[in-house]
Amino acid sequence: LSFVRRVAAKGPVYENCIILAPDGQVLCTVDSKKLAWYVKRGLAEYTNEEQTAVKLHFEPRGRYGISAERAEGMGQATTELEQRQQFYTTFKENRCVVCGAEHNMARYNL
């Protein structure tokens, strides 16, 4: 039990805060620390009172982890681009993918 307390996340693993492009398109979901990082540096501003979303003041080099040049070469209707968009913009559940537990969560890279 002490091991579980030591490795378990102290809060939610996924906060599902949103970063928006200057045109309003959802770019990705992140935690609140990342939002604060952008706002503190003057790169974005909060778009709601709850401070769960920011809108960037600049156009990102690419979207969904793909540079703009590569995305243009792939075409907009490709499966890979759609899969990346879905992965980066979908809200993640704070639940174990193995057993479904919603507490004592730990993040592991496989």
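In this text, all values refer to a predicted model and were calculated from it rather than measured experimentally.

Visitor: Looking at this structure, how should I read the packing of aromatic side chains?
Guide: Each aromatic ring pair is summarised here by two numbers: the centre-to-centre distance and the angle between the ring planes. Scanning the model with the defined rule gives two aromatic pairs in all. Seen in terms of ring centroids, W37 and Y38 are 5.1 Å apart; in terms of plane orientation they differ by 85°. Their pairing is edge-to-face. Owing to a relative accessible area of 37%, W37 belongs among the partly exposed residues under this scheme. The exposure class assigned to Y38 is buried, which follows from its relative accessible area of 18%. Geometrically, the ring pair formed by F87 and Y88 is edge-to-face, given 5.3 Å between the ring centres and 80° between the ring planes. By relative accessible area, F87 is classed as exposed at 56%. By relative accessible area, which is 30% here, Y88 ends up partly exposed. The aromatic ring of W37 is capped on one face by K34, whose charged end is 5.6 Å from the ring centroid. Its end group placed over the ring of F87, K92 keeps NZ or CZ at 4.8 Å from the ring centre.

The rules behind each value
- Residues numbered from 1 in each chain as written.
- Predicted model: local features only at pLDDT ≥ 70, side-chain atom pairs only at ≥ 80, totals over all residues.
- Heavy atoms only, no water.
- Phe/Tyr/Trp six-rings, centres within 6.5 Å; stacked < 30°, edge-to-face > 60°.
- Buried < 20%, exposed > 50% of the residue type's maximum accessible area, 1.4 Å probe, protein only.
- Lys NZ or Arg CZ within 6 Å of the ring centre and 35° of its normal.

Function-wise, these values are silent; they only describe arrangement.
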